[in-house]
Amino acid sequence: MNVATPAGTGRGSSLGLFVFRIGRLAVTVALTFLGLLFVTFVIGRVIPIDPALAILGDRALPHVYERVRHELGLDLPLYHQFWIYLVKAVRGDLGSSVLTGRPVIDDIRQFFPATVELATFATVLGVALGVPMGVWAAAARGRWLDHLVRVLALIGYSVPVFWLGLVGLLVFYARLDLVAGPGRLDVAYEYVVEPWSGLVLLDSLLAGELGVFRNALAHVVLPGAILGYLSLAYIARMTRSFMLAELGQEYVVAARVKGLSEARVIWRHALGNVMVPLVTVIALSYAYLLEGAVLTETVFAWPGLGLYITQSLFNADMTAVLGGTLVVGVAFVGLNLLSDVLYTFFDPRAR
Amino acid sequence: MTQRPLLTVDDLWVRFPGRNGPVEAVRGIGFEVGREKVGIVGESGSGKTLTGRAILRLVPRPGQVTARRLEFDGIDLLGISERGIRRIRGRRISMVMQDPKFSLNPVMPVGKQIAEAYRAHFPASEREARERALDMLAAVRIRDPRRVYDLHPHEVSGGMGQRVMIAMMLIPEPDLLIADEPTSALDVTVQLKVLAILDDLVTQRGMGLILISHDLPLVASFCDRLLIMYGGRILETCRAAELQAARHPYTRGLLESLPRIDRPVRELATLERDPAWRDAPPG
Amino acid sequence: MTIARVRAWLLAEAPASRAQARLSRTYLGFAALARNPLTVVGLVIVTALVLVAALAPWLATHSPYDQDLDRRLRPPDDAHRFGTDQLGRDILSRVVYGARVTLAIVVLVAVIVGPIGLAVGTVAGYFGGWVDAVLMRVTDTFMAFPRLILALAFVAVLGPGIVNATLAIAITAWPPYARIARAETLTERGSDFIAAIRLQGASPLRVLCGHIVPLCVSSLIVRITLDMAGVILVAAGLGFLGLGARPPQPEWGAMVSEGRQFLLDQWWIATIPGAAIFLVSLGFNLLGDGLRDVLDPKAR
């Protein structure tokens, strides 16, 4: 009996196909990174602030000014400057902060984990609540549970996150005293734990410092919950949408014909198919949170990358701003890439 | 038929709410099925698929099903609870659907789907269910059951997928099988093979079969009795052997518009639809 | 002609003229929109925004710039329905005039990104080849940044101010529309009717402008409306960070930021403008969702 397999006629060709796709993906990503760097480079050169003047102040002597310009490579043709910028960026050298004099990459290394901690907390919350809510809404289509979930999701992506943060602080911190205030840790706990991963929650647990852990948790809960709500709104909406599409498929009817319980039909069959695009949605929501984090960090004085970028902006530290923007862009692209890879990984049809 | 019929349908209606009033897809049909092969023939929109779904209470929302009687083996199919109808589905009445590309879960290996159908109605361990599934795959004449067990639906051909579907729907040993266009998505050469397998299994197990199709010659050659549906009504019923003696103008029109290799004509007759047929007394 | 007669004419199964068919479709579209109460709410909110912005001088009880240090930080009362801020300015009036700023940003962004996205997308989709590749690379690059961050960077370069903020948002917002337009164009490009027009000798420009662009417009409108909510939030975010309107201009995001330090005791200064942002964003979302349900029901 001849079994024709649409995915290819043998193992060799499917491996070749896989390599080809990875290669194509790599080229696309490389081109996008190039584009990212180009945009930040152009922004950096368009600014009316002269980098040499920014370092020296405007009382510098002409020959010192020329020397600094030469050191910064500003007297070279633009494409040459871009090439240098490119090479340096790939090596991780994002320039030095005009304000602190430290390499920007070091600053970023210090601030980035805080954002990761916040975004991860929020995403876990968003997935743990958002997926079930989306499933329930789809299963109860048209009834009150569906409407409730839809309204909650709608509020979630209509609300300005900084406002929600302020209201949250007002209600839960100032009036109800349920959570800790702005900042990541109370001053007393700040240097107790040696940073290992940069994620205070993790580090304090590993070091056994439960007092620090509890304090960190009290601080992360409100900003994390607010960002989590944003994440939940997006995830619940997408889950509901995907589930509705799946519940109309023939294999769902077939599963019911088999006499399976509704719960099994929904959670084992439909959701199993939804997980494929849903995983990519989750990766994307993480990326989406990086945006919300900028504003949340400002409201909660959370020492993350968003705060770093905005503070640098106010201090006219363009190198830092662009370095930070680049890193966020890279993270964004990376997450999009991850979501593509995950899709291929989870869908047996695409393997 | 000497015994009591398996399925009794009387005055079955399926309605959907529409912009200008309800859309009546099935309009007051009635028939009986025993341990025999009954074919329901009709064009698209005749209501034949919805009839099959109505029997299993699987008409999609917002459709509504009403009937004076819809009984299976003495059980009122419209009246019983949700749990009750779930016990009937698969175990007493089952359904083979049209296209295995869509009617099998794409992310689950086919063997597991068959085993699941077994475990839904019989207490069994995973290994036991797997053995039964393998047996069933062999029963539908799949050469290498162990290999096919782990394949996903997109990795098997149409004919094989449909055989998997048959295995999946017959493993709980139902008394009545509804086959909704079981071969319409298959190549002609494969159609006959699949139908032969279906025929064998149905006969072996003494099951009743409702074969729904738009293909009149196919149904005529396969079934004992035929119901011709049009516009939600049954226009004519007859024994398959007596098809050529059919009297309703729609049936005659269908017969005459079929090309015949032994009786070539210059122009094939085209079917003239008389709107009065829609108002025929409910069959 | 009675209402019933007009309605029957609009709903006729077989329209006698093109005009009748078009009117009939529009009527049915509105009727479908109106069927969903939430969409109606959205429409009401958006209309209210336009009206408040237009009628600001009559709706505001005071000038948004008048400072009165004797009456600073007052809670809402009869004279000042929303209270006063730290400089004694009436918050209600500032919110009302702030609607103008919000509306201006929304309209400007929509007017800029629509045509740009349409142009880039249709050209890329229609001509294909290296034109497509280059344009898509550019689009993807812009999409590679989260919108707020990129807008931040641009504002840092251009300097703060409403116009610059609007430009920054517009620069970051157009890529998705290019993609949508391109996808639509790709779908339509191979159609028989396009082939027919080309056989008749239509130039690429005519094919694009006369035929392909109109097809893309409806899905673009839906998407733009839906995104307006996001634009409002980004604009408010920029304002909150101090990168939008310059003081003393009344911009809602900036007002929230100003009220931040008084949050604990004079909560109304920050809360009320924020609620306005929320309400308007909600309105656009509801309207956009409703439009999508009507114009593109498959995408539910």
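Structure: see above.
Residues numbered from 1 in each chain as written. Chains lettered and ligands numbered in written order. Predicted model: local features only at pLDDT ≥ 70, side-chain atom pairs only at ≥ 80, totals over all residues. Heavy atoms only, no water.

Novice: So what's going on with the interface of chain A and chain C? Residues and values would help.
Specialist: Between chain A and chain C, the contact holds 44 residues from the first and 40 residues from the second. Roughly 3900 Å² is buried in total at the junction of chain A and chain C, and carbon and sulfur atoms are behind 76% of that figure. Counting every contact that joins chain A to chain C gives one salt bridge. For the interface between chain A and chain C, the tally reads nine residue pairs in polar contact (both at pLDDT 80 or more). Those elements giving two or more residues to the side of chain A that touches chain C turn out to be α1 (11–46), α6 (144–158), α7 (161–175), α9 (210–247), α11 (262–300), α12 (305–314) and α13 (318–346) of chain A. (Contact = heavy atoms within 4.5 Å. Buried area = accessible area lost by both parts, 1.4 Å probe. Salt bridge = Lys/Arg side-chain N within 4 Å of Asp/Glu carboxyl O. Polar contact = N/O pair within 3.5 Å; in protein donor to acceptor, adjacent residues only side chain to side chain. Helix = DSSP H or I, 4+ residues; strand = E, 2+ residues; numbered from the N terminus.)

Novice: Tell me about the pattern of salt bridges, residues and numbers included.
Specialist: Scanning all chains against the criterion turns up 30 salt bridges over all chains. A salt bridge links C:D227 to C:R223; the nearest nitrogen and oxygen atoms lie 3.5 Å apart. Linking C:D227 with C:R223, this pair stays in helix α11 (residues 204–240), spanning four residues, or about one helical turn. Salt bridges sharing common partners tie together B:R35, B:D73, B:R92 and B:D175.

Novice: Go over the sheet that holds strand β11 (residues 233–239) of chain B with me, naming the residues and quoting the values.
Specialist: Residues and elements named next belong to chain B. Taken in spatial order, the six strands of this open sheet run β7-β8-β9-β3-β10-β11, and their pairing is mixed. Single-partner strands in this sheet number two, and they are β7 (93–96) and β11. Taking the axes of each pair of neighbouring strands and ignoring which way they run, one obtains an average angle of 20° across the sheet. When strand β10 (residues 225–230) meets β11, the two strands line up antiparallel, connected through six bridges. From the neighbouring strand, Y230 faces β11, where its bridge partner is R233. Helix-sheet contacts for helix α1 (residues 48–55) involve β3 (37–41), β7, β8 (176–180), β9 (208–213) and β10, and the interaxial angle to β9 is about 145°. Packing of helix α10 (residues 249–256) onto the sheet brings it into contact with β10 and β11, and relative to β10 it is tilted by some 105°. (Pairing = 2+ DSSP bridges. Axes fitted to C-alpha atoms, helices over the stretch in contact; angles between N-to-C directions.)

Novice: I'd like to hear about the packing of helix α5 (residues 91–127) of chain C against helix α8 (residues 162–173) of chain C, residue by residue, with values.
Specialist: All names here are of chain C. Look at α5 against α8: their axes get within 9 Å of each other, and the N-to-C directions meet at 40°. Classified by the interaxial angle, the pair formed by α5 and α8 is oblique. Along this stretch, α5 crosses α8, giving a crossing that reads as right-handed. Between α5 and α8, the contacting residues are V101, I105, L108, V109, I112 and V113 on the first element and I162, T166, I169, A170 and A173 on the second. Among the residues forming the contact of α5 with α8, the class breakdown is ten nonpolar, one polar and no charged. (Parallel < 35°, antiparallel > 145°, perpendicular 65-115°, else oblique. Left-handed = near helix turned anticlockwise from the far one by under 90°. Nonpolar A, V, L, I, M, F, W, Y, C, P; charged D, E, K, R; others polar.)

Novice: Residues and numbers for a positive patch on the surface, please.
Specialist: On the surface, a cluster of positive charge is contributed by A:R141, A:R143, A:R150 and B:R61. Relative to the assigned elements, A:R150 resides in helix α6. (Patch = residues over 30% accessible without salt bridge, like charges linked within 9 Å, V, L, I, M, F, W, Y side chains within 5 Å. Areas by Shrake-Rupley, 256 points an atom, 1.4 Å probe, with all protein chains shown as cover. Lys, Arg positive; Asp, Glu negative; His and termini not counted. Charge placed at Lys NZ, Arg CZ, Asp CG, Glu CD.)

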